[in-house]
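Listed below, chain by chain, are the residues.
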Amino acid sequence: SGRNRKYHLNLKVISVSTNEVLWTDSDSLGGSDGHIAQRATAMARRVANIAFALSPIEMILHVAGEFVMGSTSGTPDETPEHAVHVNAFYLDRTEVSKAAFDLYAHRHSVPTAGKGAPDEPATMVSWSTADDYCRSRGKRLPTEAEWEYAARGSEGRIYPWGDSDPTRINARFGGGHRGPDAV
């Protein structure tokens, strides 16, 4: 009879261009209406996370230029100030999401990113694993000079928004916040 049937859902995400299997997942849906709906909803969330992870990230072109790198008042590893030239480079507009990194981790047998929602930035990832992730996407990590140039600009700002001290409008600090913003 139909009441004794149990269902199992298998999911396979395959790249159309390379025919590479990007993700596989399966779940027993059970047989009762309530359990089937609950398990199917959980699987749908996982599918949504995979779709989010596969979405391309917009990149921003930073034009070549010179800027003053370092600080006269910072920690010893920030001194001395010195002029640096950077060639033009691209940098992702947002951080890599936990969903995108975890998809990579699943495929390459490396630890997943730290805690957080799928649309939050990936955390607790080593430099070498982050570098491998970037290379798998045809990208690379920025150099220290590129990172500082992107943050400070050629005008030598202290912060990305200028030289004024951080406020709760332009930065997160001092506790009291719930966690990172979605990417």
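Above: the structure in question.
Residues numbered from 1 in each chain as written. Predicted model: local features only at pLDDT ≥ 70, side-chain atom pairs only at ≥ 80, totals over all residues. Heavy atoms only, no water.

Visitor: Go over the packing of aromatic side chains with me, naming the residues and quoting the values.
Guide: What the rule picks out here adds up to six aromatic pairs. Where Phe67 meets Tyr149, the ring centres are 5.3 Å apart and the plane angle is 50°; that geometry is what we call tilted. Residue Phe67 is found in strand 4 (residues 65–69), and its partner Tyr149 is found in helix 4 (residues 144–152); the two are separated by 82 residues along the sequence. For the pair Phe67 and Tyr149, a shared accessibility class is recorded, and that class is buried. With 4.8 Å between their ring centres and 5° between their planes, Tyr159 and Trp161 make a pair best called stacked. Of the residues examined, Tyr159 reaches a relative accessible area of 26% and is grouped as partly exposed. With a relative accessible area of 32%, Trp161 lands in the partly exposed category. (Phe/Tyr/Trp six-rings, centres within 6.5 Å; stacked < 30°, edge-to-face > 60°. Helix = DSSP H or I, 4+ residues; strand = E, 2+ residues; numbered from the N terminus. Buried < 20%, exposed > 50% of the residue type's maximum accessible area, 1.4 Å probe, protein only.)

Visitor: Let's hear about the layout of surface pockets: which residues, and what values?
Guide: Of the pockets and cavities examined, the largest pocket occupies roughly 1300 Å³. Forming the boundary of the largest pocket are 37 residues, of which Asp92, Arg93, Thr94, Glu95 and Trp147 lie nearest the centre. Residue assignment for the lining of the largest pocket shows that the elements contributing at least two residues are strand 3 (59–62), strand 6 (89–92), helix 3 (127–136) and helix 4. Of the pockets and cavities examined, the second largest pocket occupies roughly 290 Å³. Lining the second largest pocket are 13 residues, and of these Gly70, Glu78, Glu144, Glu148 and Arg152 lie nearest its centre. Of all the elements, helix 4 adds the most residues to the lining of the second largest pocket, at five residues. (1 Å grid on protein atoms, 1.4 Å probe; cavity = no way out; pocket = protein on both sides within 12 Å on 5 of 7 lines; lining within 4 Å. Points joined across faces, edges and corners; volume = space filled by probe spheres on them.)

Visitor: Before we move on, could you go through the environment of Phe89 and cite the residues and values that matter?
Guide: Along the chain, Phe89 falls in strand 6. When the C-alpha positions of Phe89 and Ile60 are compared, they lie 8.3 Å apart, and in sequence the two are 29 residues distant. When neighbours within four sequence positions are excluded, Phe89 is seen to be in contact with Ile60, Leu61, His62, Arg140, Glu146, Tyr149 and Ala150. (Contact = heavy atoms within 4.5 Å.)

Visitor: Mind laying out the packing of helix 1 (residues 33–54) against helix 2 (residues 98–108), listing which residues take part and the relevant values?
Guide: Packing of helix 1 against helix 2 brings their axes to within 8 Å, and their N-to-C directions diverge by 95°. The angle between the axes of helix 1 and helix 2 places the two elements in the roughly perpendicular class. Across from Asn49, Phe52, Ala53 and Leu54 in helix 1, the residues of helix 2 making contact are Ala99, Ala100 and Leu103. Classifying every residue of the contact of helix 1 with helix 2 gives six nonpolar, one polar and no charged. (Axes fitted to C-alpha atoms, helices over the stretch in contact; angles between N-to-C directions. Parallel < 35°, antiparallel > 145°, perpendicular 65-115°, else oblique. Nonpolar A, V, L, I, M, F, W, Y, C, P; charged D, E, K, R; others polar.)

Visitor: Give me the nonpolar core: which residues, what numbers.
Guide: One broad rule of soluble globular proteins: the nonpolar side chains tend to lie buried together. If you look at the biggest cluster of nonpolar residues, it comprises 14 residues, and the most contacted ones within it are Val13, Trp23, Ala53, Phe101 and Tyr133. Of all the elements in the fold, those that place two or more residues in this core are strand 2 (21–30), helix 1, helix 2 and helix 3. In terms of residue count, the dominant contributor to this core is helix 2 (six residues). Those residues in contact with Val13, other than ones at most four positions away along the chain, are Glu20, Val21, Leu22, Trp23, Ile50 and Leu54. Counting residues in each nonpolar core, the second largest holds eight residues, with Val84, Val86, Phe89 and Ala145 among its members. (Core = buried A, V, L, I, M, F, W, Y, C linked by side-chain atoms within 4.5 Å.)

Visitor: Can you break down unusual backbone geometry residue by residue, with the values?
Guide: Residue Pro80 is bonded to the preceding Thr79 through a cis peptide linkage, with omega at -5°. Inspection of the secondary structure assignment puts Pro80 in the loop between strand 4 and strand 5 (82–86). One non-glycine residue, Ser109, lies in the positive phi region at around 55°. Following the sequence through the fold, Ser109 ends up in the loop between helix 2 and helix 3. Phi at Met124 is positive, roughly 60°, even though this residue is not glycine. Its location among the elements puts Met124 in the loop between helix 2 and helix 3. Since its relative accessible area comes to 76%, Met124 is described here as exposed.

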